[in-house]
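Observations on the model geometry
Take a look at the letters that make up each chain.
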Amino acid sequence: MRRHFALGTSMLAKLNTFSLLGIDALPVEVEVDVSPGALPKTVLVGLPEAAVRESTHRVERAVVNSGFMRPQDRVVINLAPADMPKDAASFDLPIALGLLAGSGQIESERFGDYAVIGELALDGMARPCRGALSMAIAAAEQEGIRGLVVPQANAAEAAVVDSVEVIAVSSLAQAVAFFSGQVEIEPTPPRLEELFEEFSRYEIDYADVRGQEMAKRSITVAAAGGHNLLMVGPPGSGKTMLASRMPTILPPLSAAESIETTRIYSALGKLKPGQPLLTTRPYRAPHHTISNAGLVGGGSKPVPGEISQAHNGVLFLDELPEFSRSTLEVLRQPLEEGHVTISRALSSSTFPADFMLIAALNPCPCGYRNDPRRDCHCSVPQIERYMNKISGPLLDRIDMHIEVPSVPFKELSGDELGTSSEQMREQVVAARTIQQRRFEAVSARHNAQMSSRQLRQFCRLSTECQNLLKAAVHDMGLSARAHDKVLRLSRTIADLESSAAIEPPHINEAINYRMLDRGLWK
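Please read these numbers as outputs of a predicted model, since none were measured by experiment. (Residues numbered from 1 in each chain as written. Predicted model: local features only at pLDDT ≥ 70, side-chain atom pairs only at ≥ 80, totals over all residues. Heavy atoms only, no water.)

1. Focus on the overall build of the protein chain
Along the protein chain, the regular secondary structure elements total 23 helices and 19 strands. The principal-axis extents of the C-alpha atoms in the protein chain amount to approximately 90 × 50 × 45 Å. For the protein chain, with 522 residues in total, the buried portion stands at 54%. Put simply, of all contacts in the protein chain between residues at least 6 apart along the chain, 75% involve residues at least 24 apart. For the protein chain, the exposed area adds up to about 23300 Å²; of that, 51% sits on carbon and sulfur atoms. Taking the 53 positively charged and 61 negatively charged side chains of the protein chain as two groups, their mean positions are separated by 5 Å. (Helix = DSSP H or I, 4+ residues; strand = E, 2+ residues; numbered from the N terminus. Buried < 20%, exposed > 50% of the residue type's maximum accessible area, 1.4 Å probe, protein only. Contact = heavy atoms within 4.5 Å. Areas by Shrake-Rupley, 256 points an atom, 1.4 Å probe, with all protein chains shown as cover. Lys, Arg positive; Asp, Glu negative; His and termini not counted. Charge placed at Lys NZ, Arg CZ, Asp CG, Glu CD.)

2. Looking at the side chain of T220
Structurally, the position occupied by T220 is in helix α8 (residues 213-225). Within the structure, T220 has its side chain in polar contact with the backbone oxygen of K216 (distance 2.8 Å). With near-sequence residues (within four places) excluded, T220 lies in contact with I249, M424, Q427, V428 and L496. (Polar contact = N/O pair within 3.5 Å; in protein donor to acceptor, adjacent residues only side chain to side chain.)

3. Some remarks on the nonpolar core
Grouped together as the largest cluster of nonpolar side chains are 65 residues, with contacts concentrated most on I307, L331 and F355. For this core, the leading source of residues is helix α4 (residues 132-141), giving six residues. When near neighbours in sequence (up to four residues on either side) are disregarded, I307 contacts L295, V296, L315, L331, P334, V340, A353 and F355. Ranked by size, the runner-up nonpolar core spans 49 residues in total, among them A243, C465, L478 and A482. (Core = buried A, V, L, I, M, F, W, Y, C linked by side-chain atoms within 4.5 Å.)

4. Things to note about the packing of α4 against helix α10 (residues 255-268)
Axis separation between α4 and α10 bottoms out at 7 Å; the angle between their running directions is 125°. With respect to α10, the element α4 is oriented oblique. In this structure, α4 uses A132, L133, S134 and I137 to contact α10, whose residues at the interface are I259, T262, R263 and S266. Taken together, the residues of the contact of α4 with α10 sort by class into four nonpolar, three polar and one charged. (Axes fitted to C-alpha atoms, helices over the stretch in contact; angles between N-to-C directions. Parallel < 35°, antiparallel > 145°, perpendicular 65-115°, else oblique. Nonpolar A, V, L, I, M, F, W, Y, C, P; charged D, E, K, R; others polar.)

Structure representation (structure tokens):
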């Protein structure tokens, strides 16, 4: 412990902790100075927000109820750096330990080796806090920090970072015993393999979806190359069922992807109890009334939105024209770049947002346009207004547009199961393996992320394929971006067939995935 003495009885204690900014943990030093004063007084400085300012009352009662003495002196608590706002209850435990050390009730040589986080209840019990995983990552990167002391409920989450010792404590008293050397606490072991084995299972399967084999083929292509997908069809045709099962055919999360995604949920406090690590790909389906900030992130203190919560997974937007147009337009940049930056006057935060977008809509306001079994009474102006809610630039960023027709009764009532998730996943994993070898020396991870230079390198076309693509660009009025997306799709279709070269059938199938939007929006 670092302690300094002045004027005989004045004592200063310093501890390491972290503050959460967005999803990143920044180092904070807690300084507690206890000096003689005519009246007991506690002063908290260092830009504390409301939750931190209130911590002094929690800490005082937790100290007394844990069997220690509340200092009857002047106490000054400084959270450095002073120009960074602090807004979390995770400062309770380090402030309490600093208070006890500053008042001479405990002594420790361990304060310099361990960072401390945790909220305190009035009885001194340690409560979990948000962002423990990010704080463990930051502790591992900070020079001189050997370990992180966390509440028991956060231990499994923080222990995912195996390069730092994670010490779990259930109360202030136990933390005091550890730092004073009265009790030795074994570091919490990492359980990555156990967690993946326990939680990496899906309860749904594409075998549940009757019919729609053509749609399943399109979804396999989308999953194989990481392509965005738009489904158009009448109500009840199975669009939501198809979208919700997309994560079941994507390759399993790697450990790095899992930690990357878990950080976001940890910072938001959305990890499920008893599940400290996300081991399945996230699937987010926000309601169409969502705001811009709710979708991409924001707030006076920026927090991740739905697109970041779908990182490494799937974002499903059902009833796409019902979303506010301005809300949809903010998706354009994240779809291209894979991250989103939220800027405010004093700071900016960048959140990962590498997700697959799946959108669904009806072909008209009533939903039954071109349905042979139902009459559509929508007028042409009504249909145009409905479709014009979605801008051309956004549609250009969606690689595939497919039709999902109603399922005939014969297929609904039959006993034969459709293509299962396992069968589709085998094709997807095989194609992704080819892409992994292809992109070993470049930044792209799958075909949808290929740059223009990589397209020229990996998507060379024969004369016949070039003529097909030239005719499609001329006849359908495809933009330069849509032209590139056809090439990426062709490369994915070729990968699914283990073909080194892009053949005319691959180009034809890719072009077909761009035709539906031209028919609807003209």
